[in-house]
Amino acid sequence: MDEPQTIAALAALAQTTRLRTFRLLVAREPEGVPAGELARLVDVPQNTMSAHLATLSQAGLVRGERQSRSIIYRVDLDRFRAVMLYLLQDCCGGNANLCGPLISDLTPCCAPREETQAC
């Protein structure tokens with residue numbers, strides 16, 4: 001992950017509909033969500049959702065997979081992880097005094113679903 005890729009990912013998420021879509025897709029991992037259902041769930045027209053999904057795809061945050069006549073969208077968790085790690089590694093610079101408390105705050109939020117219901 002480099003700076004331009006990170007900026008593209010953050011820019012893609014810096015819009016209400018795209019952020020809501022991304023969060024919804026994270027919640028629906030690993031099964032994904034068809035594009036039409038995403039539009040319905042986020043309450044935007046399908047053509048508008050297509051434009052938002054294109055932006056998220058170009059940033060590498062989501063990917064679509066054709067299944068019959070539908071396109072199922074999923075979050076690219078590896079890319080999301082890379083963005084988060086880039087921010088942590090770059091901003092903390094390996095300083096445990098900065099990174100330690102931040103990582104501790106994130107850990108309870110992101111436990112596997114079997115252990116906790118909310119993230």
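Here the structure is a predicted model, which means the values were calculated and not measured.

A. Looking closely at the environment of A51. Structurally, the position occupied by A51 is in helix 4 (residues 46–58). It is 9.6 Å that separates the C-alpha atoms of A51 and R18, two residues lying 33 residues apart in sequence.

B. The nonpolar core, seen in detail. One finds L25, L38, M49 and L61 to be the most contacted residues of the largest nonpolar core, which totals 20 residues. Of all the elements in the fold, those that place two or more residues in this core are helix 1 (3–13), helix 2 (16–27), helix 3 (35–42), helix 4 and strand 3 (70–75). Setting aside residues no more than four positions away along its own chain, M49 makes contact with T21, A35, L38, A39, V42 and V44.

C. Here's a closer look at the pattern of salt bridges. As enumerated under the stated definition, the model contains 4 salt bridges in all. In this structure, the salt-bridge partner of R74 is E65, at a minimum N-O distance of 3.6 Å. Looking at R74, the relative accessible area reads 16%, which means it is buried. Exposure remark for E65: the relative accessible area of 41% places this residue in the partly exposed category. Between D78 and R81 there is a salt bridge, and its shortest N-O distance comes to 2.8 Å. In this pair, D78 and R81 are both assigned in helix 5 (residues 77–92), 3 residues apart and thus about one turn of the helix distant. Three or more residues joined by partner-sharing salt bridges are found here, namely R28, E37 and R40.

D. Summary view of helix 2. Compared with an ideal rise of 1.5 Å per residue, which puts 12 residues at 16 Å, helix 2 spans 17 Å between its outermost C-alpha atoms and is within 8% of the ideal. Burial in helix 2 covers these residues: T17, R18, T21, F22, L24 and L25. Down the axis of helix 2, the sector holding all buried residues measures 165 degrees, keeping them to one side. The outward face of helix 2, more than 90 degrees from its buried face, is lined by the exposed residues T16 and R23. Between the side-chain oxygen at the start of helix 2 and the backbone nitrogen of T17 there is a gap of 2.8 Å, and the oxygen is on Q15.

Reading the values: the criteria
Residues numbered from 1 in each chain as written. Predicted model: local features only at pLDDT ≥ 70, side-chain atom pairs only at ≥ 80, totals over all residues. Heavy atoms only, no water. Helix = DSSP H or I, 4+ residues; strand = E, 2+ residues; numbered from the N terminus. Core = buried A, V, L, I, M, F, W, Y, C linked by side-chain atoms within 4.5 Å. Buried < 20%, exposed > 50% of the residue type's maximum accessible area, 1.4 Å probe, protein only. Contact = heavy atoms within 4.5 Å. Salt bridge = Lys/Arg side-chain N within 4 Å of Asp/Glu carboxyl O. Expected span 1.5 Å × (residues − 1). Arc of directions from axis to C-beta. Polar contact = N/O pair within 3.5 Å; in protein donor to acceptor, adjacent residues only side chain to side chain.

So, to be careful, I would describe these as geometric facts and stop short of saying anything about function.
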